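What follows is each chain in one-letter form.
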Amino acid sequence: MIALFIKFDTTTIPFKKNAFVRLYVNKNKKKQSDLVISDRIGLIRSIKNWIGKSILFIITSASTFAVFFIFYFIFKDALPFFQIEGFKEFFTSTRWYPSGQPDEFGALSIFVGSAIVVLGSIIVCVPLGISAAVCLSDLLSFKLRQIIKPIIEVLAAIPSVAYGFFALVVFAPLLQNNGGFVLSVGTWMILGPLSILFSVLINEYVSQLLSKFIKINTLIRSLIFIFFVSLFIFFTYVLALRVSGIEIASGTNALNVSIILGIMALPTIVSVSEDALQAAGRELREGSYALGATRAETIIKTVIPASLSGILAAVILGVMRAVGETMVVWMASGNASKIPDPWYNVLEPVRTLTATIAGDMGEADHVLGSSRFHVLFAMAFCLLLFSFIMNLVSEIIVKRSRKKLGQI
Amino acid sequence: MNLSTRKLLDKSFSGLGLSSIALMGITLVLILAPIIWNGSKAYIFKGTIEHRKVMFDHFDRGNYDKLANEKSDVNTTRNFIYQSLNNFDEELKLMDSSERRKYRSEYREFKKQIKELLGPSPTDRKPVLIRQQYGQNRWDRTLIKLHEILYIQEWDYSNPDSMGELVERPRIEEYRGTALEAIFPYLENNIESMMLPKWTFYWQFLTDKSKDAHIFGGIWPEVLGTIYLTLGAMLFALPLGIIAAIYLCEYSKDGKIISLIRICISTLAGVPSIVFGLFGLAFFLNTIQVSESKSVLAGALTLSLLILPTIIRSSEEAIMAVPRSYKEGALGLGASRWKTVVTIILPAALPGILTGTVISMGRAAGETAPIIFTAAVSVGAPITLLGTLTDPTPALPWNIYNLCTEHEAVDEIRHVQYGMVFTLVAIVLLLNLVAITMRAKISKKLRG
């Protein structure tokens, strides 16, 4: 009997039942059949528990199955293309004539198009996103943050096709008709603040140099400052004037798409890097303040280096968003499969992987099983692999940074 | 470094941050403003008599007597146009052939334009296409058309260094000294009494079927298709997502398998949406064949995979946010684990779960790429509930793309495109607004 008790105590039967059984057994020591029944109830319960748990587990692993299925089915349909056409043409040729006689599947220019668009969007969204994230985490009060956060959420919520519509119907005609004006406004917006920042820095440097020869007072400092500011502003003005003479042949080009994709990737970058900045912790900031650093110095020299890996992960996620975006590039990139000349000329139309898949599938549908059909899966597989690797990298980065911050 | 410089740098740094936030806000306004402004014009606009005719003929709306009165008014003012056209026809017959040839193509163009502006003349045979049976429906389009009639637009390519320039010259110059000369000032002065513009609130734009490929009527089939797709996706994704979140939060222990599952969830979140579309085509349609052709079912299944990670993550967060004491209290009172989850944790986490659900509903409603190959068609009737299992449907996101790139009269139905984008954005933003207010309430409750 005692052995039985011990066995009971260690089984998975809930405590309440267990206690009841023990009491019951103590009173009627001879009725062993009751104990047997309780044992069976316990067994049934633990089996039920186990079954329930496994059902839950199977449902939970649905997303795992989904990922494996996606990889398998995309790969299965991508494989025939490489078997028929081989790798060399696909990755090295720029001649994309899937419906020509003979058909040619050189996708290099499409890969380059994707890369150009993504690079452009990074240039747009990374500086803007990181400074916005810094602002949100360190500069603004709680109340203001509550007002501004919905702006970011709305930016993230607007459907991609609405962005595409905007790019095609509003932004592209604007670029086409008033291209020079838009470009010069852009130049001012980028170089205007930078020129003031630079002149502050250079002013400091020059007055330090001069202080060896003459005594520097406020008047001289401000004179130097004004000189440099006007120099930079003049330079910006000349550049903007040059730029405003440019005529854009077609509004649907890489620049248009880059800007819109940059805006679309902004919310991801802002929210993820804000989390990273917050995770850097109060102690770090307070230590820096205690050493006499200003807020800007604290952020640039302490907080950002500490959360650099998180920011990197944010940038990667933003890049993934831009790479995988379909509708905007399909509608507004111009869909010309050639490498721009020179390659950084963003005013020329480009063609990206996603747009090619979306656009060509409609025609390829009818010829199921041809390499024209499978080449699109090959492209999708490249996209999938890229996003998978990027995702893993960002996960690893985030994990490492968490460990590191934990150690501090 | 000098202290004043450091302070200045600090200030300018703050200014940079603030201006980036401001830039973001301005961008949002710049994107939303044209969509909202032009989109609302699909609902509220100055409708002409032709619009009321369409409404009466095809949607049984409007008062017959009033319309008949308006029609007779309009016909008396329009009569002059038709008369002078007839006169000019007579005049043409009297001309010798070389002179006639001079007018021929230009005059044919002119007649076509008049027909597009006012509709076919009462004596003409009724055209087959609906779009040819009526003139301009909207006052803004009428004015544009009128301008096209009054001025011939030509591109000037004489300067090879720059792009071609648009040059306009009055069309009246072509017809000096003929019977048509008087028509131009008459058109310009009497256009209002010929079209009778009236402010119209056409809310039925949302609930009307489209006529003649969206040139008339509303967007109901698209709206309905979007609703079906979204709800279908939620139907599959919601139970899967919530159960997965429960398992991950309450039952799982950290191990190799769980971390694999987590990696897979984040991978799934990162898969490009177009790849989901291809997968839906390859798996749901070509392999297990949930339906013969594209169908709402296949589209909803594809979309549900797309939003699954979002739902799992937000539900997990909501479950984690439930205070531990709740759970411990329930377990301490002797409830089993499952009972604790169902009766204590889920109700407490429900608002948070709903918030995530609503946001992912917005995502599902707006996604285009996954439904291109699995569910969407360009034109179609409103779909029935049973039809969702077998039939494809028009859907807002896809038709926005389709109308603004592939439609034959892209410029003339701008208002429909804007109206669709406006409707879609309104649906998505409304869902997000619900989510935001819900979350604000929750955080207030949690703070006490």
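What you see is a predicted model; the values in this text were computed from it and never measured.

Time to look at the overall build of chain A. Each helix and strand counted, chain A has 16 helices and two strands in total. Sorting the 408 residues of chain A into buried and exposed places 38% on the buried side. In chain A, once contacts between residues fewer than 6 apart in sequence are set aside, the share between residues at least 24 apart is 78%.

As a further point, take the overall build of chain B. Counting secondary structure elements, chain B contains 16 helices and six strands. The C-alpha atoms of chain B give 31 Å as radius of gyration, which overshoots the globular expectation for 448 residues (22 Å, by more than 25%). Dimensions of chain B, computed from the C-alpha atoms along their principal axes, are close to 105 × 75 × 45 Å. Within chain B, the proportion of its 448 residues that are buried is 40%. Within chain B, counting contacts between residues at least 6 apart in sequence, those at least 24 apart form 73% of the total.

All names here are of chain B. Between helix 6 (residues 139–150) and helix 7 (residues 183–195), the least distance of the axes is 11 Å, while the angle of their chain directions is 165 degrees. By the angle between their directions, the pair helix 6 and helix 7 is classed as roughly antiparallel. When the axes of helix 6 and helix 7 are compared, the crossing they make is right-handed. On the side of helix 6, the interface is formed by Trp139, Thr142, Leu146, Ile149 and Leu150, while helix 7 contributes Phe184, Leu187, Glu188, Ile191 and Met195.

What follows is about the nonpolar core. With 185 residues, the main nonpolar core has Ile74(A), Ala167(A), Ile260(A), Val328(A), Ala380(A), Val275(B) and Leu278(B) as its most contacted residues. Setting aside anything within four residues of it in sequence, one finds Val275(B) in contact with Ile70(A), Ile74(A), Ala380(A), Leu383(A) and Leu384(A). Ranked by size, the runner-up nonpolar core spans 11 residues in total, among them Ile49(B), Val74(B), Leu117(B) and Met195(B).

We now examine the confidence of the model for chain B. Put simply, chain B has an average pLDDT of 84, and 98% of its residues get 70 or more. Predicted as a complex, the structure gets a pTM of 0.87 and an ipTM equal to 0.89.

On to helix 4 (residues 97–118) of chain B, then. Residue and element names in this part refer to chain B. Under the 1.5 Å per step criterion, the end-to-end length of helix 4 is 30 Å for 22 residues, consistent within 8% with the ideal 32 Å. Arginine 104 marks where helix 4 bends most, by close to 40 degrees. On its buried side, helix 4 packs onto helix 3 (64–94), helix 6 and helix 7. Remark: glycine 119 follows helix 4 within two positions and exhibits a positive phi of approximately 90 degrees.

On to the interface of chain B and chain A. If you look at the interface, chain B gives 79 residues, while chain A gives 72 residues. Class assignment for the residues of the side of chain B that touches chain A results in 53 nonpolar, 23 polar and three charged.

Along its sequence, chain B is organised into domain 1 (48–200) and domain 2 (220–447). Taken over C-alpha atoms, the centre of domain 1 of chain B sits 49 Å from the centre of domain 2 of chain B.

This part takes up the environment of Phe184(B). Residues and elements named next belong to chain B. As for its position among the elements, phenylalanine 184 is in helix 7. C-beta crowding within 10 Å serves as the criterion here: with 16 such atoms nearby, phenylalanine 184 is assigned to the partly exposed category. Between the alpha carbons of phenylalanine 184 and arginine 439 there is a distance of 61 Å; along the sequence they are 255 residues apart. What phenylalanine 184 contacts, discounting residues up to four positions off in sequence, is Leu150, Arg171 and Ile172.

It is worth spelling out unusual backbone geometry at this point. Notably, Asn335(A) is not glycine yet its phi reads approximately 55 degrees, a positive angle. Assignment of secondary structure puts Asn335(A) in the loop between helix 14 (327–332) and helix 15 (353–364). Given 18 C-beta atoms within 10 Å, Asn335(A) falls into the partly exposed group. Although it is not a glycine, Asp60(B) adopts a positive phi angle of roughly 55 degrees. With respect to the secondary-structure elements, Asp60(B) resides in the loop between helix 2 (49–59) and helix 3.

Next up on the list: the packing of helix 4 of chain B against helix 6 of chain B. All names here are of chain B. Put simply, helix 4 and helix 6 touch, their axes get as near as 10 Å, and they point 165 degrees apart. Our classification of the angle between helix 4 and helix 6 gives roughly antiparallel. Pair helix 4 / helix 6 crosses with left-handed handedness. The residues of helix 6 that touch helix 4, namely those facing Gln113, Ile114, Glu116 and Leu117, are Thr142, Lys145, Leu146, Glu148 and Ile149. Looking at side-chain class alone, the contact of helix 4 with helix 6 contains four nonpolar, two polar and three charged residues.

In this section: the confidence of the model for chain A. Summarising the model, chain A shows a mean pLDDT of 81, and 88% of its residues fall at 70 or more. A low-confidence stretch, residues 1–33 of chain A stays under pLDDT 50, and its non-local contacts, those more than four residues away or across chains, total 18 contacts.

All names here are of chain B. With respect to the secondary-structure elements, glycine 47 resides in strand 1 (residues 44–47). Residue glycine 47 is classed as buried on the basis of its 21 C-beta neighbours within 10 Å. Along the primary structure glycine 47 and tryptophan 199 are separated by 152 residues, whereas in three dimensions their C-alpha atoms are 6.1 Å apart. With residues near it in sequence (within four places) discarded, glycine 47 still touches Arg52, Asn137, Arg138, Pro197, Lys198 and Thr200.

The rules behind these values
Residues numbered from 1 in each chain as written. Chains lettered and ligands numbered in written order. Predicted model: local features only at pLDDT ≥ 70, side-chain atom pairs only at ≥ 80, totals over all residues. Helix = DSSP H or I, 4+ residues; strand = E, 2+ residues; numbered from the N terminus. Buried ≥ 20, exposed ≤ 12 C-beta atoms within 10 Å, placed from the backbone. Contact = placed C-beta atoms within 7 Å. Rg over C-alpha atoms; globule rule 2.2 N^0.38 Å. Axes fitted to C-alpha atoms, helices over the stretch in contact; angles between N-to-C directions. Parallel < 35°, antiparallel > 145°, perpendicular 65-115°, else oblique. Left-handed = near helix turned anticlockwise from the far one by under 90°. Core = buried A, V, L, I, M, F, W, Y, C linked by C-beta atoms within 7 Å. pLDDT = per-residue confidence, 0-100. Expected span 1.5 Å × (residues − 1). Bend = angle between axes of the 7 residues up to and from the residue. Nonpolar A, V, L, I, M, F, W, Y, C, P; charged D, E, K, R; others polar. Domains from an automatic or database assignment.

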